[in-house]
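# Close look at the chain arrangement
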Amino acid sequence: MINIPECSVVVITYNDAPRLARAVRSVLRQSLRDIEVIIADDASTDDTERVARQLQRKDPRVRYLRGEVNSGGCGVPRNRGVAAARAPYVMFLDSDDELTRHACKSMLLEIERTGADFVTGQITRLYERSGKTARYYPALFARRRTVEGIAQEPEMFLDSFSTNKLYRAELLRQVPFREDMHYEDHVFTTALYCAARRFAVVPWVVYVWHRASAESEARLSISLCLTEMTNVRSRIRAARLSDDILRANGLGHLVHERQRRFIRQDLRVYLNPLPSRDPAWIEEFVSVVRPYLAELDPVVFETIDPLMRVCCSFILDGRPDELLVAARSLNGPKAPPRVAVREGGRTYWGTVPDERREITSLRMAELPYSASRLRHEAVLTGKGSLIRLAITTYDPFGVLAATPGWTAYLRFRNHRLRLDPREQPDGGYLSEATIDLTTIHHGRLGFEGRYDPVIEILNPDGRVTADRLLVDPSTAPLGTTVLCHEVVVKAEGNAAFLRVLWRRQGLLRQLPRLKRAAARLLRKVSGPEVKLRVYRSLISVLPARRDLALFESDVGTGYTGNPRYIYEELRRRGAPLKMVWSAATARGHFPSDVRLVRRMSWRHIWTMARAGYWVDSHGMPLAYPKPPGTRYLQTWHGQGIKSVGFDAPDLRADFDGPRATWRAAVDRWDALVSPSAEFERVFVPSNGYRGRLLRHGSPRCDVLVRGDREAAGRARRRLEIPHWSRVLLYAPTYRDRAKGSGQSVRADLDAMAEALSGDWTVILRTHPVERFEVPEHLRHFVRHAGSYPEVNDLILLSDALLTDYSSLMCDYAVTGRPMLFLIDDWDEYRRVERGVYHDLPAIAPGPCLTTTEELIEVLRDLDGTTAAFASRYIAFRRTWCADEKGNASANVVDAFFDPRHAQAPLPSDVRERPPIVPRHLARLPLLGRSR
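Residues numbered from 1 in each chain as written. Predicted model: local features only at pLDDT ≥ 70, side-chain atom pairs only at ≥ 80, totals over all residues. Heavy atoms only, no water.

## Considerations on the pairing of strand β10 (residues 199-211)
Most of β10 sits out of view: 11 of its 13 residues are buried. In terms of strand pairing, strand β5 (residues 98-99) meets β10 through two bridges, oriented antiparallel. Across the sheet, E98 pairs through a bridge with V208, a residue of β10. Summarising the sheet, strand β8 (residues 145-147) and β10 pair through three bridges and their orientation is antiparallel. The partner of V147 across the bridge, within β10, is F199. (Buried < 20%, exposed > 50% of the residue type's maximum accessible area, 1.4 Å probe, protein only. Helix = DSSP H or I, 4+ residues; strand = E, 2+ residues; numbered from the N terminus. Pairing = 2+ DSSP bridges.)

Structure follows, in structure tokens:
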């Protein structure tokens, strides 16, 4: 090799011949071609040398260095590799891991662009047993940035790896690795952070960390040999040395931050699997860790996770038994304590208030009943198909004591067994249950899979709270054969909860293969193309039935919106129609007396072909033409400021296929419900619609005009909202470029809970395409109602609306109640994201906010804010709600279903449509002024 390479990658290895080639190939495949690979072999005794020399012969960029004596660590081979590196930049790679294809090039460009001393990038862990990946502390790498020294971002102490970084070679030679210890990475990166005046952070994955399972034949890395007490001692030694390095470099004020890293990461890796360790190991672990924790200033513990703080307190107090109980709450079901005490509005783990064991911020004691937490510990025994459980239930927050008349059940998937709990002297409840696995039926085809039994506590109101069962991690699995199934009942996970696994045997074992074959055949005989051909044939020969109406809302996902209220008006009148609903989901979202047909089933195809009326709020299946004689009422699902139709992102691009499909779909509509003149001005031309308009308001808004105390009460009871609490409905819309990401929930719910939970409850109504899970510690304050069947109930219950760009604002304005707008991404949304027709900050009937702090202040003075926006509110209602009189359902039914009005001529102003708005204007504000 004549030219000096741009980057040297040092691959350290020891007795890892099977995986070495994979690691080296990940370097040779780099998009940066001017590279060298230095294999630093720490005196392997297996085939590593043969593999390395073979790689060297195949590619001249590979160099091989072999040590004479194994050093027992990683420092020696890394230092040896750095000494041999010829490039100005260096990376490290362990022989059991890989670099991503553009790692070297992307970080080299970044270090040259920023002038940083090193660049660090995202690590992803690849769990070899499952094939799943998980990013390491993704929040650290969420944004691309340059950091002017570790004091600017001490949180980066969590990034203590040497392998996810590209370094200037001269810096590495000033900061060598320790050669006399394990976890030299921790000491090295601490010294590195002290020496670096500037470093860069990139958000993309640069390093793939392979995590071999404990059962794997592959040799586990040092970081995974957690059962050895020498491993614990090595980490503590590395932590102490790191603290000393910070002090020696004038960064003593950062020692607390570095020590928090030890608790959050280093200590946690031992506590996670601690429940599966034997008592002697736990006792020794406590004796080894305790001295270092005792050296820490109490301030170090103040900002760490409450359960970790509880665990640390038991280590400091030398109480391994209590540590074991607490450690089982870190993972899996994250069980509550056995006992808790509340004093002065605060909650403590245990029987006495101890500030080190305060768990108030977890809010376990403030959860609604259906989310409340109980702890169930079970002793598992059995023989053959009989499973015996002795279950002790702990009620740390007094949920059962406050719910007289409760009943307890043990549920094994679809099998439910009533329990007879007996109160014990320690305050717990003891139940005994015997389950005969032969009585658990899974249908004629059997069952292949797993489930976790739970204890359900049913209160007299019918609400249920459920938690999984903790079992002793050392419990031997119980296996048996039941009705052509192999069944195993076992402890699962670090927290050791009860799990049941079923596996088909004998002839049933062939079912998956037969089902796959049947599914392939079914796809051939009833795939989309076949169904469409059959449908076209049906509508060409069968007349439409004038007494059959097909309803659909939200593409079959619910019984809601305009179609619901039109349907109910027809039922109220006793209309001579057979009315059927298209349902894409389970009946749970529909009343029991509603006739359903599964969307896109053969029966649905038949119903579409025969129905004389179609009524929906989005669009019947797009490729299906309307049958001759069928009349289609399009009610749509909202109006507002967002771009729609051909101006929306999915149709804005100039592709003929999707645009032609939508144009044909719109041409099917015989009538369109028009809730306002503004809707007509924007929606009609944006969709190229030229049919009949029914200008009577929105049927779904009738109940908002008239009000419905029963609906509000029903929602309050179902969501378990206290009678004294004010209710904020938070309904953000999705982001087109981040659907399903949860990014639409932009308010800081933690900050809101801290400031407002005594007075307010938030109902979170995310868009159906969004995915967001409310953390447990916020469920006392936030009720997730994304799947609540009727949004009008939530509107009627709420005292105010918080939204961003959702069309719900136009319906909500009917109520006259306050509206707030959190639009921190307004410029991006209107210019890059969706595009808008109106300048929301100029017309909003409430304050437009950019921070959660502003939101909290507004909610604290909601009356004053409402008064300030009174005139804006009137104008907003005039624009979008002028036609809402409370009788839209009746008027729409008269206009569309009454034969005297159904074919009325179009008004002249409907025939003369304004031109369709050009697509390139869709993202500009104030495309037209509000009327």
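## Brief notes about the pairing of strand β9 (residues 165-168)
Residues K165 and Y167 point to one face of β9 and L166 and R168 to the other, with burial holding for every one of them. Pairing of strand β4 (residues 89-94) with β9, which is carried by three bridges, proceeds in the antiparallel orientation. Residue pairing for β9: M91 is matched across the bridge by L166. Of the strand pairs in this sheet, strand β6 (residues 118-127) and β9 are connected by three bridges, and their pairing is antiparallel. Its bridge partner being in β9, T120 is matched across the sheet by K165.

## Some details on the sheet that holds strand β32 (residues 726-731)
The sheet built from six strands is open, its strands ordered β34-β33-β32-β35-β36-β37 with parallel pairing. Every interior strand has two partners, whereas the edge strands, β34 (782-784) and β37 (848-849), have only one. As paired strands, strand β35 (residues 800-803) and strand β36 (residues 819-822) are joined by three bridges and run parallel to one another. The partner of T803 across the bridge, within β36, is F821.

## Some words on the sheet that holds strand β29 (residues 631-634)
Sheet strands pair by backbone hydrogen bonding; their relative direction is either parallel or antiparallel. Pairing is parallel across the open sheet formed by seven strands, whose spatial order is β27-β26-β25-β28-β29-β30-β31. The open sheet has two edge strands, β27 (596-598) and β31 (692-694), and neither has a second partner. Pairwise comparison of adjacent strand axes, ignoring direction, gives a mean angle of 25° for this sheet. Where strand β26 (residues 578-583) meets β27, three bridges bridge the pair, whose relative direction is parallel. Looking at β27, one finds that W581 is bridged to L596. Helix α14 (residues 561-573) rests against β25 (545-552), β26, β28 (611-616) and β29 of the sheet, and its axis sits at about 160° to β26. (Axes fitted to C-alpha atoms, helices over the stretch in contact; angles between N-to-C directions. Contact = heavy atoms within 4.5 Å.)

## Looking at helix α3 (residues 75-84)
By the criterion of burial, α3 is predominantly enclosed, with eight of the 10 residues buried. Taken residue by residue, α3 has G75, V76, P77, R78, N79, G81, V82 and A84 as its buried positions. Residues of α3 that are buried in the fold lie against β1 (7-13), β2 (35-41), β3 (62-66), β4, α5 (169-174) and α6 (184-195).

## Overview of the side chain of K531
Checked against the element boundaries, K531 lands in helix α13 (residues 528-541). Of the side chains with opposite charge, E529 comes closest to the buried, unpaired K531, at an N-O distance of 10 Å. Setting aside residues up to four positions removed in sequence, K531 forms contacts with S526, M600, S601, W602, I605 and Y624. (Lys, Arg positive; Asp, Glu negative; His and termini not counted. Salt bridge = Lys/Arg side-chain N within 4 Å of Asp/Glu carboxyl O.)

## Section: unusual backbone geometry
The residue Y183 is not glycine, and still its phi comes out positive at about 55°. Topologically, Y183 is positioned in the loop between α5 and α6. If you check the backbone angles, K334 has positive phi at about 50° while not being a glycine. Topologically, K334 is positioned in the loop between α11 (320-327) and β11 (340-343).

## Overview of the pattern of salt bridges
Under the defined criterion, the tally for this structure stands at 74 salt bridges. For D317, the salt bridge is made with R357, and the minimal N-O distance between the two is 2.4 Å. Here D317, found in the loop between α10 (306-316) and α11, pairs with R357, found in the loop between β12 (346-349) and β13 (375-383); they are 40 residues apart in sequence, far enough to count as distant. Assessed through its relative accessible area of 29%, D317 is described here as partly exposed. The residue R735 makes a salt bridge to D825 at a minimum N-O spacing of 2.8 Å. Here the residue R735 occupies a position in the loop between β32 and α21 (749-756), and D825 occupies one in the loop between β36 and α24 (826-833), the gap between them amounting to 90 residues. Taken as a pair, R735 and D825 share a single burial class, namely buried.

## What about the packing of helix α9 (residues 279-295) against α11?
When two helices pack together, their arrangement is given by the angle between the helix axes and the distance between those axes. Close contact between α9 and α11 brings their axes to 9 Å; oriented N to C, the two are set at 100°. By the angle between their directions, the pair α9 and α11 is classed as roughly perpendicular. In this structure, α9 uses I282, E283, F285 and V286 to contact α11, whose residues at the interface are P320, L323 and L324. Each residue belonging to the contact of α9 with α11 can be placed in one class, and the counts come to six nonpolar, no polar and one charged. (Parallel < 35°, antiparallel > 145°, perpendicular 65-115°, else oblique. Nonpolar A, V, L, I, M, F, W, Y, C, P; charged D, E, K, R; others polar.)

## What about the nonpolar core?
Within the largest apolar cluster, 115 residues are counted, with the highest numbers of intra-cluster contacts made by I263, L267, F285, L293, L323 and L389. Ranked by the residues each element gives to this core, the list is headed by α9, at eight residues. If we ignore the near neighbours within four places in the chain, the residues touching L323 are L271, L274, I282, F285, V286, C311, F314 and I315. Counting 42 residues, the second-largest nonpolar core is a separate cluster that includes I641, L797, I843 and Y873. (Core = buried A, V, L, I, M, F, W, Y, C linked by side-chain atoms within 4.5 Å.)

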